[in-house]
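Single-letter residue listing:
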Amino acid sequence: MFKLVLTALTLVLLCSLCANSYADNELGKAIYDKSCQTCHNPNTAPLMLAPAAHNLEDWKLRFENAEVLAKKNPKEYPNALAVLIASVKNGKGTMVAGGMCQDQSTPDKQCTDADYAATINFMSNK
């Protein structure tokens with residue numbers, strides 16, 4: 001009986017994680033489509049000196065550099081994703097602060113850290 005309950009709980013947890021991952025991916029795609037694709041699409045990203053969406057090599061390099069900075073400043077940046085979110089919020093290179101991110105679901109239409117994370121995760125995966 002215990003194994004059956006444990007198996008059921010495990011399946012519920014896995015389904016929950018998959019649903020959250022799907023929702024985050026959909027959010028990331030929606031924000032990318034509205035606010036990020038002009039500069040991060042594979043055709044224009046090299047001109048903008050931006051990592052191209054879904055280019056694993058571009059994003060691997062960004063995450064590696066961000067991880068180095070996070071290790072140097074652990075109080076400010078708990079992980080590499082926090083470094084990348086800070087880059088978006090502050091602006092980097094030709095990207096303006098906030099990265100032109102707009103979330104229609106928020107009253108002021110400003111993206112949250114969770115919005116930025118979902119969008120970065122969407123762009124950095126295939």
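Everything below is about the structure printed above this text.
Residues numbered from 1 in each chain as written. Predicted model: local features only at pLDDT ≥ 70, side-chain atom pairs only at ≥ 80, totals over all residues. Heavy atoms only, no water.

## Some thoughts on the overall build of the protein chain
Right, on to step 1. A count of helices and strands for the protein chain gives five helices and zero strands.
Right, on to step 2. Sequence-distant contacts in the protein chain: of pairs separated by 6 or more residues, those separated by 24 or more amount to 47%.
Right, on to step 3. Accessible area for the protein chain stands at about 8,500 Å²; split by element, carbon and sulfur atoms hold 62% of it. (Helix = DSSP H or I, 4+ residues; strand = E, 2+ residues; numbered from the N terminus. Contact = heavy atoms within 4.5 Å. Areas by Shrake-Rupley, 256 points an atom, 1.4 Å probe, with all protein chains shown as cover.)

## Focus on the state of the cysteines
Right, on to step 1. Under the defined criterion, the tally for this structure stands at one disulfide.
Right, on to step 2. With its sulfur 1.9 Å from that of its partner, C101 forms a disulfide with C111. An S-S torsion of about -80° defines the bridge between C101 and C111 as left-handed. Here C101 is found in the loop between α4 (80–90) and α5 (113–123), whereas its partner C111 is found in the loop between α4 and α5, with ten residues between them in sequence. (Disulfide = S-S within 2.5 Å.)

## A short note on the pattern of salt bridges
Two side chains bearing opposite charge may form a pair once their charged atoms approach each other closely.
Right, on to step 1. Scanning all chains against the criterion turns up three salt bridges.
Right, on to step 2. Residue K60 pairs with E64 through a salt bridge whose shortest N-O separation is 3.9 Å. Of this pair, K60 and E64 both sit in helix α3 (residues 56–72), separated by four residues, roughly a single helical turn.
Right, on to step 3. The residue K89 makes a salt bridge to D113 at a minimum N-O spacing of 2.9 Å. Residue K89 is located in helix α4, and its partner D113 is located in helix α5; the two are separated by 24 residues in the primary sequence.
Right, on to step 4. The exposure class assigned to D113 is partly exposed, which follows from its relative accessible area of 40%. (Salt bridge = Lys/Arg side-chain N within 4 Å of Asp/Glu carboxyl O. Buried < 20%, exposed > 50% of the residue type's maximum accessible area, 1.4 Å probe, protein only.)

## Focus on the packing of α4 against α5
Right, on to step 1. Axis separation between α4 and α5 bottoms out at 10 Å; the angle between their running directions is 110°. With respect to α5, the element α4 is oriented roughly perpendicular. Taking contact as the criterion, the partners of L81, L84, I85, V88 and K89 in α4 are, on α5, D113, Y116, A117, I120 and N121.
Right, on to step 2. Its residues placed into classes, the contact of α4 with α5 shows seven nonpolar, one polar and two charged. (Axes fitted to C-alpha atoms, helices over the stretch in contact; angles between N-to-C directions. Parallel < 35°, antiparallel > 145°, perpendicular 65-115°, else oblique. Nonpolar A, V, L, I, M, F, W, Y, C, P; charged D, E, K, R; others polar.)

As far as function goes, none of this settles anything; it's purely spatial.
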